[in-house]
Amino acid sequence: DTWSHPGDLLRKFRPVDNALMERASLGWDAEPEGAVDEHRCPVNSRYAKRLITVLWCKPIKVAINNYLFTYRSGYTPHWQWWDGKQSKTAMPKGQPTDVDDLHEDNEEELGYIIQLIVNLVGDVEGTGITIYLDKAFSSVSLAIRLAAMGIAMVGMTRSLRPKNMK
């Protein structure tokens, strides 16, 4: 189990989730295009309070977040549940009300997003696939990292120019 950590709120669910994701990834050939986006699963539970996020700007306001990698056909071979309230990871920026610039040189701000995307699309490395992202995930640093993996990226970005970029 590569996602569990001490105090993981999803530890009982992870073996089933990981087995399902492994089968899903084996059940489909890579397509030339895919997308990564957020999916919100509505929930009303007193036991899942630390997993629940409330975003008043979304149609599903009270939910558990899941990040999906989906091919153009709609097939979803990889996903990741967000357990940030427990692991102290920040949700990606990019909500409709979020207008702040993304600081490319801030490792804390980009670290979770880049690792999330790399984990979701890692199985298609070197295939030349094009990944479409919304502003919550797009950054110059991510585009460079994906290009090194043989993956093209298309997406709007709110990034400030990195200091080391010419």
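Residues numbered from 1 in each chain as written. Predicted model: local features only at pLDDT ≥ 70, side-chain atom pairs only at ≥ 80, totals over all residues. Heavy atoms only, no water.

Asker: Tell me about the side chain of S138, and please be specific about residues and values.
Answerer: By the secondary structure assignment, S138 is in the loop between strand 6 (130–133) and helix 4 (140–148). Of the residues examined, S138 reaches a relative accessible area of 1% and is grouped as buried. Within polar-contact distance, the side chain of S138 engages the backbone oxygen of D134 at 3.1 Å. A polar contact of 3.2 Å, which involves the side chain of S138, links it to the backbone oxygen of M156. (Helix = DSSP H or I, 4+ residues; strand = E, 2+ residues; numbered from the N terminus. Buried < 20%, exposed > 50% of the residue type's maximum accessible area, 1.4 Å probe, protein only. Polar contact = N/O pair within 3.5 Å; in protein donor to acceptor, adjacent residues only side chain to side chain.)

Asker: Tell me about the pairing of strand 7 (residues 152–155), and please be specific about residues and values.
Answerer: Where strand 6 and strand 7 come together, four bridges link them in parallel fashion. Across the sheet, residue L133 finds its bridge partner in strand 7, namely G155. Traced from strand 6 through helix 4 to strand 7, the parallel crossover comes out right-handed. (Pairing = 2+ DSSP bridges. Right-handed = clockwise from strand over helix to strand, strands pointing away.)

Asker: I'd like to hear about the nonpolar core, residue by residue, with values.
Answerer: Formed by 24 residues in total, the largest nonpolar core has its most connected members in V36, F69, I117, V121, I131, F137 and I151. Contributions of two or more residues to this core are made by strand 3 (62–71), helix 3 (107–121), strand 6 and helix 4. Take this core: its biggest share by element is nine residues, from helix 3. When sequence neighbours within four positions are dropped, the list of residues in contact with I131 reads G34, V36, F69, V121, I151, A152, M153 and V154. Formed by nine residues, the second largest nonpolar core is a distinct cluster that contains L10, A24, I64 and W81. (Core = buried A, V, L, I, M, F, W, Y, C linked by side-chain atoms within 4.5 Å. Contact = heavy atoms within 4.5 Å.)

All quantities given are derived from atomic positions and should not be read as evidence of function.
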